[in-house]
Amino acid sequence: MEAQREETVADFRTALLSRVKRTVIKVGSGVLTGPRGLNLSVIKHLASCINDIKQKGIEVVLVSSGAIASGFKKVALGRKPKTISEKQAVAAIGQPALIMAWEKAFERHGQKVAQILITRDDLTNRRRYLNARNTLRTLLSWDIIPIINENDTVVVEEIKLGDNDNLSAMVTNLVDAHLLVNLTDIDGLFDSDPRDNPDARLIPVVEKVDSKIKNFASTIPGFLGTGGMSSKIAAAQKVALAGIPGIIANGLRPGVLRDIFEGRAIGTFFLPRDASLCKRKHWIAFAKAPKGELVVDKGAEKAILFNGKSLLPSGIMEVRGKFGVGDSVVISNERGENIAVGLVNYQAVDLKRIKGIRTSKISSVLGFKHADEVIHRDNLVLTSETEEGVEECHFKS
Ligand code: GLU
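Residues numbered from 1 in each chain as written. Predicted model: local features only at pLDDT ≥ 70, side-chain atom pairs only at ≥ 80, totals over all residues. Heavy atoms only, no water.

Chemist: When you look at the site of the ligand in this model, what are you seeing that I'm missing?
Modeler: Taken together, ten residues lie around the ligand, and Ala-67, Ile-68, Asn-149, Asp-152 and Asn-164 are the ones closest in. In this structure, Asn-164 approaches the ligand through a main-chain N or O atom, which is 2.7 Å from an oxygen atom. Compared with its free state, where it exposes 300 Å², the ligand has 94% of that area covered by protein. Of the residues that constitute the shell around the ligand, the class distribution is two nonpolar, six polar and two charged. (Near = heavy atom within 4 Å. Polar contact = N/O pair within 3.5 Å; in protein donor to acceptor, adjacent residues only side chain to side chain. Areas by Shrake-Rupley, 256 points an atom, 1.4 Å probe, with all protein chains shown as cover. Nonpolar A, V, L, I, M, F, W, Y, C, P; charged D, E, K, R; others polar.)

Listed below in structure tokens is the structure:
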């Protein structure tokens, strides 16, 4: 039974990989940098493997970390950069060296590259998001490999994507890639930390990112770049929810990319969810940073979770945070559990005045009415649905 199942999953993996025409490959700092700064031989090797993938007719978008690690070796600070401005300064020093190393490595194969530095703000603003998408598509149509990193120099905490795992998930969705490959310095997801436990078992396939999988990830902190294994799992979950498979594998293993694209079962493979969130809902759920929180009563919780309804003022018990019209907020229930994310039709100050009242009373309290709904269903994504993926979509992009 189990053997048959493994065979089915292996066939499915091969079938999914054979359909990949565009892939995002994320390479972490732990792969690209060593004790003396950038590891040029790894960069050379990966560039040559990526070139082979391109020869198969697959378009590649690269998300490369390593700016801070590379800059750090150059400034001889004697300690790790601590403050955000120190990290930004170090990233500014390291980024040109990083991109030059990639450019040189790809030049040997006659392959051109482009540098794209992006922040959460660029992805939160829908116009900039769509614009970035057009630029990336143009580069790909010109046969150029875009190399993306977070624009560390200008980000402040609120607009930081946080880690390149998250960035790579966003980019996978942005460019409509068919696969996200996350190369790190460990073989994949293990059921415990393989550095402490010799019996730790590699998980070859994840069908669904559930709490068990998240717990495995939380046992493997540190070393693995900014976000650790948890942020890699979160990234894999994000793309799986958009119907895209993901792989976490060891970027230091020679020939890793060739093996993946030849269908060898290495690393941890994340199966895509069948009913994926549409692009716009995915953007609401993941691109925008929530600016506040609405606590709702049991009636509203039920209406949202089980009856596919919008959020009305009558079900709102508490309004937290400062937000404006169109901002993203988290909806939580009376037990403090997050149940959904959505874009609000009213700013926080106005919502505080209309919470708990009937829709028909909005105008008399505020003197105006933007809409009956505080969050329209089209602008709402259930957080539990991000595990179930059943939301209907009315938008194409
Ligand atoms: N943007 C950071 C850098 O290039 C890396 C962030 C990460 O690895 O998640 O150093």
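Text resumes after the structure shown.
Chemist: Looking at this structure, I do not really get the pattern of salt bridges. What am I missing?
Modeler: Any two side chains of opposite charge can pair if their charged atoms end up close together. Under the definition given, this model contains 20 salt bridges. Between Lys-26 and Asp-165 there is a salt bridge; the shortest N-O distance is 2.9 Å. Of the two residues, Lys-26 is situated in strand β1 (residues 22–27) and Asp-165 in helix α8 (residues 164–174); the sequence distance between them amounts to 139 residues. Asp-165 matches Lys-26 in its accessibility class, with the two residues each being buried. (Salt bridge = Lys/Arg side-chain N within 4 Å of Asp/Glu carboxyl O. Helix = DSSP H or I, 4+ residues; strand = E, 2+ residues; numbered from the N terminus. Buried < 20%, exposed > 50% of the residue type's maximum accessible area, 1.4 Å probe, protein only.)

Chemist: Any chance you could explain the sheet that holds strand β14 (residues 338–343) here in plain terms?
Modeler: Within a sheet, adjacent strands bond to each other through the backbone by hydrogen bonds, running parallel or antiparallel. One open sheet accounts for five strands, arranged β12-β11-β13-β14-β15; its pairing is mixed. The strands lining the two open edges of the sheet, one partner per strand, are β12 (316–321) and β15 (380–382). Geometrically, the sheet is characterised by an average inter-axis angle of 20° between neighbouring strands, direction not taken into account. In the sheet, strand β13 (residues 328–332) pairs with β14 via five bridges, with the strands oriented antiparallel. (Pairing = 2+ DSSP bridges. Axes fitted to C-alpha atoms, helices over the stretch in contact; angles between N-to-C directions.)

Chemist: I'm lost on the packing of helix α3 (residues 40–55) against helix α5 (residues 84–107) in this one. Help?
Modeler: The geometry of a pair of packed helices is captured by two quantities: the angle between their axes and the separation between those axes. Relative to each other, α3 and α5 sit at 50°, their axes nearing to 9 Å. The angle between α3 and α5 places the two elements in the oblique class. In this structure, α3 meets α5 at a crossing whose hand is right-handed. Contact residues: α3 offers Leu-40, Ile-43, Lys-44, Leu-46, Ala-47 and Ile-50, while α5 offers Ala-101, Trp-102, Ala-105 and Phe-106. Residues belonging to the contact of α3 with α5 are distributed by class as follows: nine nonpolar, no polar and one charged. (Parallel < 35°, antiparallel > 145°, perpendicular 65-115°, else oblique. Left-handed = near helix turned anticlockwise from the far one by under 90°. Contact = heavy atoms within 4.5 Å.)

Chemist: Where do I start with the packing of helix α4 (residues 67–75) against α5 in this structure?
Modeler: At a closest axis distance of 6 Å, the pairing of α4 and α5 adopts a crossing angle of 100°. Overall, the two elements α4 and α5 adopt an arrangement that is roughly perpendicular. Facing Ala-67, Ile-68, Ser-70, Gly-71, Phe-72, Lys-74 and Val-75 of α4, the residues of α5 in contact are Lys-87, Val-90, Ala-91, Ile-93, Gly-94, Gln-95, Ala-97 and Leu-98. Taken together, the residues of the contact of α4 with α5 break down into nine nonpolar, four polar and two charged.

Chemist: How should I be thinking about unusual backbone geometry in this particular structure?
Modeler: In most cases, non-glycine residues show a negative phi, while peptide bonds are predominantly trans. A positive phi angle, near 65°, is found at Asp-143, a position not held by glycine. Along the chain, the position of Asp-143 falls in the loop between α7 (126–141) and β6 (145–150). Classification of Asp-143 as partly exposed rests on a relative accessible area of 46%. Of note in this structure, Asp-176 is not a glycine but carries a positive phi near 55°. Position of Asp-176 among the secondary structure elements: in the loop between α8 and β7 (179–184).

Chemist: How should I be thinking about the sheet that holds strand β8 (residues 205–206) in this particular structure?
Modeler: Sheet architecture is open: eight strands sit in the order β5-β6-β4-β1-β7-β9-β10-β8, paired in mixed fashion. Of all strands in the sheet, those bounded by a partner on one side alone are β5 (113–118) and β8. Here three bridges tie strand β9 (residues 246–250) to strand β10 (residues 268–270), and the two strands are oriented antiparallel to one another. Of the residues in β10, the one forming a bridge with Ile-248 is Thr-268. On the sheet, helix α10 (residues 228–241) packs against β1, β7, β9 and β10 and is oriented at approximately 170° with respect to β7.

Chemist: Could you clarify how one ought to interpret the side chain of Asn-51 in this entry?
Modeler: When you line up the elements, Asn-51 lands in helix α3. In this structure Asn-51 comes out as buried when scored by relative accessible area, which is 11%. Sequence-distant contacts of Asn-51, defined by excluding residues within four places in its chain, comprise His-109 and Gln-111.

Chemist: I'm lost on a nonpolar patch on the surface in this one. Help?
Modeler: Taken together, the side chains of Val-75, Leu-77 and Ile-93 define a hydrophobic patch exposed on the protein surface, amounting to about 190 Å² of accessible area. Judged by relative accessible area, Val-75 falls into the partly exposed class, the value being 32%. (Patch = residues over 30% accessible without salt bridge, like charges linked within 9 Å, V, L, I, M, F, W, Y side chains within 5 Å.)

Chemist: Just checking my understanding: could you explain the pairing of β14 for this structure?
Modeler: For a regular strand, the rule is simple: side chains alternate between the two faces of the sheet. Most of β14 sits out of view: five of its six residues are buried. The turn linking β13 back onto β14 is made up of five residues, and Gly-336 within it adopts a positive phi angle of 85°. Of the pairings in the sheet, the one linking β14 to β15 comprises three bridges and is antiparallel in character. The partner of Val-341 across the bridge, within β15, is Val-381.

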